[in-house]
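# Structural description and commentary
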Amino acid sequence: MKTKILVTGGTGYIGSHTAVSLIESGYEVVLIDNLSNSSKETVVGIQEITGTKPKLEVVDLTYKKQCADVFAKHNDAKGLIHFAALKAVGESVKRPLQYYYNNLSSLMNTLECTVDNQINNFIFSSSATVYGKPDNVPISEDFEMKRPFSPYGNSKKIAEEIMEDFIVSNDSLSIISLRYFNPIGAHESGIIGELPTGTPNNLMPYITQVAAGVREKLLVFGNDYPTRDGTPIRDYIHVVDLAEAHLKALKRLLDRENEKTMEVFNLGSGKGYTVLEIIHAFEKVSGKQLNYEVTARREGDVPELISLPDLANIKLQWKAKRDLSEMVKSAWEWEKKIRTKVNGE
Ligand code: NAD
Ligand code: UD1
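Residues numbered from 1 in each chain as written. Chains lettered and ligands numbered in written order. Predicted model: local features only at pLDDT ≥ 70, side-chain atom pairs only at ≥ 80, totals over all residues. Heavy atoms only, no water.

## Quick word on helix H8 (residues 239–254)
Compared with an ideal rise of 1.5 Å per residue, which puts 16 residues at 22 Å, H8 spans 23 Å between its outermost C-alpha atoms and is within 8% of the ideal. For H8, the buried fraction is high: 12 of the 16 residues fall into the buried class. Three or more residues of H8 are buried, namely Val239, Val240, Asp241, Leu242, Ala243, Ala245, His246, Leu247, Ala249, Leu250, Arg252 and Leu253. Looking at the residues trailing H8, positive phi occurs at Arg256, about 55°. (Helix = DSSP H or I, 4+ residues; strand = E, 2+ residues; numbered from the N terminus. Expected span 1.5 Å × (residues − 1). Buried < 20%, exposed > 50% of the residue type's maximum accessible area, 1.4 Å probe, protein only.)

## Observations regarding the pairing of strand S8 (residues 218–221)
Residues Leu218 and Val220 line the buried face of S8, whereas the alternating positions Leu219 and Phe221 sit on a face that is not buried. Summarising the sheet, S8 and strand S13 (residues 292–295) pair through four bridges and their orientation is parallel. Residue pairing for S13: Phe221 is matched across the bridge by Thr295. (Pairing = 2+ DSSP bridges.)

## Quick look at the site of ligand 2
Near ligand 2 you find 19 residues, and of these Leu203, Leu219, Arg234, Arg298 and Asp301 are the closest. Here an oxygen atom of ligand 2 sits 3.5 Å away from a polar atom, N or O, in the main chain of Asn201. Within the contact set of ligand 2, an oxygen atom lies 2.9 Å away from a backbone nitrogen or oxygen of Leu203. In isolation ligand 2 exposes 740 Å². Once the protein is present, 88% of that is buried. (Near = heavy atom within 4 Å. Polar contact = N/O pair within 3.5 Å; in protein donor to acceptor, adjacent residues only side chain to side chain. Areas by Shrake-Rupley, 256 points an atom, 1.4 Å probe, with all protein chains shown as cover.)

Okay, structure coming up:
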């Protein structure tokens, strides 16, 4: 019998790539999603890649009863990966309560349902945003969590604090919180990838949309930072590498190798690239010249975020393997595929 794993937010960007890795590693996967930022078509994509169609439960996890019912139905699951959340930083500034409500009530319901059904192995999607503006880089897990610059980011910091408190009185539960740096790219098949709704906030989908002719030009937010070319440095990580890290974290929990009931790991490559380096990497891979212009800094941006991924390298035996050109190439292949679909070609 296959080990059943619940994946909330499973039709989303990172959830769908993780579902593929889980299925390919022999797990039975149940996706739980309210489809607020994804489509059930993703299930077809996952089937196309893996040959297996995962079950999709359309559930809004902010509703306790819906959550309880779906968990009771799948109480033979051995673990859960909680991706479900709203993630648009700018929108969270405009609608903070919606973000706190959605991200925290769905977390609290999911935690409670997990324990009520003795599922006991819980992996959480956190973010490098919990470090706020760090005093230096690279950032290790013992750096202080600082107040993030957005309600979205703060919902991740509060989520980690909620889990720390919850675990104290629920000692059957084990949690791994994974702090992602900047996930980009798509599955090599070009069948699944990131589907930003409206204008993308993030650099990579913005670049690919400009190159595809959907947007006129990329605005580079500031070139007066104290970095090698004046643009901010980030630690970009291929989404498939990220997916594979979830498998390692899950295995650690299932094999009872965790050293504490709640562990935290950075997921990054440990390498940093500036915005201009990303643009140039894209131009090289795509053979296209990108229309861009330097403009003012974006509020809340920090000069440099680079992970120290040693803990994940050692304890999870995981390392980011895919390089920048693979990240950029897969993002571009995915963009071209979506455009072909949208244009009905
Ligand atoms: P995504 O929006 O593609 O996926 C999230 C999924 O959660 C969506 O399919 C959405 O429909 C679902 N969802 C939202 N609220 C829900 C609810 N109340 N009930 C059920 N389903 C709900 O986002 P993603 O990029 O795949 O991110 C996955 C997780 O990783 C999120 O928690 C996000 O905050 C975190 N994260 C993402 C990034 C990134 O750059 N993409 C970086 C750091 C952390
Ligand atoms: C952003 C969020 C972060 C979130 C992460 C993943 C902010 C301040 N931070 O990280 O909380 O966890 O996304 O969703 O929003 N850039 C441009 N032009 C653009 C877009 C981006 O120059 O049109 C630059 C930014 O200034 C930044 C870099 O590209 O230096 C990366 O930006 P982005 O992809 O938005 O990621 P972060 O800002 O690192």
